[in-house]
Structures are given as C-alpha cells and as structure tokens.
Amino acid sequence: MPKGPSQHSPNGHLDSRRFRQVLGRFATGVVAITAVDPMTGLPCGLAANSFTSVSFSPPLVAFCVAHTSTSWPKARGSKVVTVNVLAEHQQAVCLQMAAKGGDKFAGLEWTGSPGGNPVLEGALAWIDCAVEAEHPAGDHVIVVARVLQLDTHAEGGPLVFFRGGYGGFVEPA
C-alpha cells in the first residue's frame, strides 16, 4: 500500500488542511441561494458550492450551509428559496454573495422568480424550492429542499470551484 503524507494530526484527528487539499480535487459547481427576508422585505443570499440533486420523485435538491452563516437564518424564514446556478463569468457575484454582512445585492441586476426571490442576471438556471429538512452535520447543516419550479435563464458555461480557485468548463469537441 502506498504511503503518502500523514493524514492525521498528532492527536489522531484528520488534518483539516489535508482534508481541504484532497477534497479540493473534486470540482464543484457554484450556486447562490437567494430569498426575501420576511422580517425586512429585503433580498438576502449566500454562495454555496455544495449543491446536488437528491431525488427525481419527489424532486429534491440539497445544499450545505455553515453554522456560522448569518445569511441563512434570513433566507430560511422565507417560504421559498431560490437556487441560482452561477455562470463562469459570475465569480464576482459569487464573492459578493459569500461576503459577510453588507448589501449583497448592491450593483447586481435581478428579476423575481415565480416564488418572489431574486434570479440573478446571467445565472444559467434558477430553482425555486421549499425547505423540507435540515440535518446538522459537523460544522454545517445539510438542507434538503423540494423543487417547486425551475427553468433555464442564460446561456454559457458554469462557474466551477476547483483546488481553491474558480474557473470555467471547456466542452469536449
């Protein structure tokens, strides 16, 4: 069996830097979760690169949110949240949605989804969802949501997160 760098710290726990380094080799798409804060009536949102389809019947998706997120409590209060699939040219949008505090929608163009949430201009697709369950998992919560409505929005390639950086996808010839 090949031997590599130590995967455990001296206390027997998995080294978190090594964990990030190895899992960073798995490319993920990037989404922005948007909603309208029911307390203020203002748009709110956050970025996530842990989004996946879960089931076709019933139609379910999932995403993970850090326990430390200050945006998720605002969005979760809404009856519907909207997943925006970000395009490769939307890295700045992703960083704005990922920032702590401030007006995350400053300078962004958006229209309303049927559920009433922001669909970001240039996003490849949008998915209106109702949260069905939240499962605590380590330092995150896994959110499972039922898809209510969805559609494509813009053309282009996806924003991809890989090895700690952002990029696009080149389709095979």
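I will try to describe carefully the structure that is included in this document. (Residues numbered from 1 in each chain as written. Predicted model: local features only at pLDDT ≥ 70, side-chain atom pairs only at ≥ 80, totals over all residues. Heavy atoms only, no water.)

## Observations concerning the overall build of the protein
Okay, step 1: Secondary structure assignment for the protein yields 3 helices and 12 strands.
Okay, step 2: Looking at the protein residue by residue over its 173 residues, the buried ones come to 34%.
Okay, step 3: On the protein, the mean spot of the 12 positive side-chain charges and the mean spot of the 13 negative ones are 15 Å from each other. (Helix = DSSP H or I, 4+ residues; strand = E, 2+ residues; numbered from the N terminus. Buried < 20%, exposed > 50% of the residue type's maximum accessible area, 1.4 Å probe, protein only. Lys, Arg positive; Asp, Glu negative; His and termini not counted. Charge placed at Lys NZ, Arg CZ, Asp CG, Glu CD.)

## Comments concerning a nonpolar patch on the surface
Okay, step 1: A grouping of Leu14, Phe19, Val22 and Leu23 is seen on the molecular surface, where their side chains present a nonpolar patch of about 360 Å² in accessible area.
Okay, step 2: Take Val22: it is sitting in helix 1 (residues 16–23). (Patch = residues over 30% accessible without salt bridge, like charges linked within 9 Å, V, L, I, M, F, W, Y side chains within 5 Å. Areas by Shrake-Rupley, 256 points an atom, 1.4 Å probe, with all protein chains shown as cover. Salt bridge = Lys/Arg side-chain N within 4 Å of Asp/Glu carboxyl O.)

## As for the sheet that holds strand 2 (residues 31–36)
Okay, step 1: One open sheet accounts for 7 strands, arranged 3-2-6-9-10-5-4; its pairing is antiparallel. In this open sheet, the two strands that pair with only one neighbour each are strand 3 (43–48) and strand 4 (51–56). Here the average twist between neighbouring strands, direction ignored, is 35 degrees.
Okay, step 2: Pairing between strand 6 (residues 81–85) and strand 9 (residues 125–137): 5 bridges, direction antiparallel. When the sheet's bridge partners are listed, Val83 is paired in strand 9 with Ile127. (Pairing = 2+ DSSP bridges. Axes fitted to C-alpha atoms, helices over the stretch in contact; angles between N-to-C directions.)

## Considerations on the nonpolar core
Okay, step 1: By size, the foremost hydrophobic cluster in this structure holds 19 residues, and its most contacted members are Ile33, Phe63, Val65, Trp72, Val81 and Cys129.
Okay, step 2: Looking at this core, the elements that each hand over two or more residues are strand 2, strand 3, strand 5 (59–66), helix 2 (72–76), strand 6, strand 9 and strand 10 (140–152).
Okay, step 3: It is strand 10 that provides the largest number of residues to this core, a total of 4 residues.
Okay, step 4: Aside from chain neighbours lying at most four places away, what touches Ile33 is Cys44, Gly45, Leu46, Phe63, Trp72, Val81, Thr82 and Val83. (Core = buried A, V, L, I, M, F, W, Y, C linked by side-chain atoms within 4.5 Å. Contact = heavy atoms within 4.5 Å.)

## Considering the sheet that holds strand 11 (residues 160–162)
Okay, step 1: Read across the open sheet, the 3 strands follow the order 1-11-12; overall the sheet is antiparallel. Lying at the two open borders of the sheet, with one neighbouring strand each, are strand 1 (28–29) and strand 12 (165–167).
Okay, step 2: Examined bridge by bridge, strand 1 and strand 11 share 2 bridges and lie antiparallel to one another. Its bridge partner lying in strand 11, Thr28 is registered against Phe161.

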